[in-house]
Amino acid sequence: VGGGGDVSGLSVRGSKSGEWISRSRNWCASFQAFSQLGGQSLCFKITSASTDQTLDAYNVAPSYWSGGQTYEAKVNFR
């Protein structure tokens, strides 16, 4: 996404871990985290490259999340 939604940084926090884990970009807008997050609901901290604005998206994925599924946050860059 160009403009106010181009992601430059992404962190994830599990409901049990309690700390933000920085995710590394591995291809275009695809990010990866090398940590155990299974069985936890997930929150995300997203930073826009063009505006440097950071959004916190809480409880985006439930504790029973799985890879390959789509989850939607109710926040957006302005």
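Criteria and cut-off values
Within any chain, residue numbers begin from 1 and follow the written order of that chain's sequence. Local features in this predicted model are restricted to residues of pLDDT 70 or higher, and side-chain atom pairs are both shown and tallied only at a pLDDT of 80 or more, whereas totals for entire chains, interfaces and linings draw on every residue. By convention in this description, side-chain values take in all heavy atoms of the structure and omit both hydrogens and water. By definition, any uninterrupted DSSP run of H or I lasting at least four residues is a helix, any uninterrupted run of E lasting at least two residues is a strand, and each is numbered from the N terminus. Any two residues whose heavy atoms approach within 4.5 Å at even a single point are treated as in contact. Accessible surface area values rest on a Shrake-Rupley calculation with a 1.4 Å probe, where residue burial reflects the displayed protein chains alone. The term nonpolar core refers to a set of buried residues drawn from Ala, Val, Leu, Ile, Met, Phe, Trp, Tyr and Cys, joined through side-chain atoms within 4.5 Å. Working definition: with a 1.4 Å probe on protein chains only, accessible area under 20% of the residue-type maximum means buried, over 50% means exposed, and in between means partly exposed. A pairing counts as a salt bridge when a side-chain nitrogen of Lys or Arg comes within 4 Å of a carboxyl oxygen of Asp or Glu.

Participant: Can you walk me through the overall build of the chain in this structure?
Facilitator: For the chain, the helix and strand inventory stands at 0 helices and 5 strands. Seen in sequence order, the chain has helices and strands lined up from the N terminus as β-β-β-β-β. If you take every contact in the chain between residues at least 6 apart in sequence, the share linking residues at least 24 apart comes to 43%. Only carbon and sulfur atoms are counted for the fraction: they give 49% of the accessible area of the chain, which is about 5300 Å².

Participant: Explain the nonpolar core here, please?
Facilitator: A general tendency of soluble globular proteins is for nonpolar side chains to be buried together. Grouped together as the largest cluster of nonpolar side chains are 12 residues: Leu10, Val12, Ile21, Leu37, Leu42, Phe44, Ile46, Leu55, Ala57, Val60, Ala61 and Phe77. Listed by contribution, the elements that provide at least two residues to this core are β1 (7-14), β4 (42-48) and β5 (54-61). At 4 residues, the largest contribution of residues to this core is made by β5.

Participant: Where do I start with the pattern of salt bridges in this structure?
Facilitator: Close approach of charged atoms allows side chains with opposite charge to pair. On inspection of all chains with the given rule, the structure shows 2 salt bridges. For Glu72, the salt bridge is made with Lys74, and the minimal N-O distance between the two is 3.7 Å. Given a relative accessible area of 72%, Lys74 falls into the exposed group.

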